[in-house]
Amino acid sequence: MTETYSKSRQQAETAFGNLQTEFFAKNNAAEELESVVRARDAKTLRLREARLAKEQAARMSVTSALLAKRSKPC
């Protein structure tokens, strides 16, 4: 069932449709940016955890080497 509207109503419907399209485009852009930020934060956290694990392993290695050196008879 199609209805015929006045010219001013048609213009208003078109303007509203354009405004709605812009609104949804902005929402999509904001969602994309938020997704990028979440991915970056997750990667940063993963890299930080890997770095801390590597540093801890290095400290443990140095500590065990020093303990081994101290326990050797002179």
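Residues numbered from 1 in each chain as written. Predicted model: local features only at pLDDT ≥ 70, side-chain atom pairs only at ≥ 80, totals over all residues. Heavy atoms only, no water.

Trainee: Would you explain the overall build of the chain in this entry?
Mentor: Scanning the chain from terminus to terminus reveals one helix and zero strands. By the compact-globule yardstick of 11 Å for 74 residues, the chain is too spread out, its C-alpha radius of gyration being 31 Å. The dimensions of the chain, computed from C-alpha atoms along their principal axes, are 105 × 20 × 5 Å. Burial analysis of the chain (74 residues in total) assigns 0% to the buried set. Here the chain displays about 7200 Å² of accessible surface, and carbon together with sulfur accounts for 60% of that area. Here the chain holds 14 positive side-chain charges and 9 negative ones, and the gap between their average locations is 20 Å. (Helix = DSSP H or I, 4+ residues; strand = E, 2+ residues; numbered from the N terminus. Rg over C-alpha atoms; globule rule 2.2 N^0.38 Å. Buried < 20%, exposed > 50% of the residue type's maximum accessible area, 1.4 Å probe, protein only. Areas by Shrake-Rupley, 256 points an atom, 1.4 Å probe, with all protein chains shown as cover. Lys, Arg positive; Asp, Glu negative; His and termini not counted. Charge placed at Lys NZ, Arg CZ, Asp CG, Glu CD.)

Trainee: Where do I start with the pattern of salt bridges in this structure?
Mentor: Where charged atoms from two side chains of opposite charge approach closely, those side chains can pair. One pass over the structure, following the stated rule, counts three salt bridges. In this structure, the salt-bridge partner of Arg 9 is Glu 13, at a minimum N-O distance of 2.9 Å. Pair noted here: Arg 9 and Glu 13 are both in helix H1 (residues 7–71), with a separation of four residues, about one helical turn. In this structure, the salt-bridge partner of Arg 51 is Glu 55, at a minimum N-O distance of 3.4 Å. Here Arg 51 pairs with Glu 55, and both are found in helix H1, just four residues apart, close to one helical turn. Residue classification places Arg 51 among the partly exposed positions, given a relative accessible area of 41%. (Salt bridge = Lys/Arg side-chain N within 4 Å of Asp/Glu carboxyl O.)

Trainee: I would appreciate a short explanation of the packing of aromatic side chains in the present structure.
Mentor: Both the distance between ring centres and the angle between the ring planes are used here to describe each pair of aromatic rings. For the structure shown, the criterion picks out one aromatic pair. Here the aromatic rings of Phe 23 and Phe 24 are separated by 5.6 Å at their centres, their planes lie at 65°, and the arrangement is edge-to-face. Residue Phe 23 is classed as partly exposed on the basis of its relative accessible area of 48%. The ring of Tyr 5 carries the charged tip of Arg 9 above its face, separated from the ring centre by 4.4 Å. (Phe/Tyr/Trp six-rings, centres within 6.5 Å; stacked < 30°, edge-to-face > 60°. Lys NZ or Arg CZ within 6 Å of the ring centre and 35° of its normal.)

Trainee: Teacher, can you tell me more about the environment of Ser 64 here?
Mentor: Topologically, Ser 64 is positioned in helix H1. Relative accessible area serves as the criterion here: at 42%, Ser 64 is assigned to the partly exposed category. Taking the C-alpha atoms as reference points, Ser 64 and Tyr 5, separated by 59 residues in sequence, lie 85 Å from one another.

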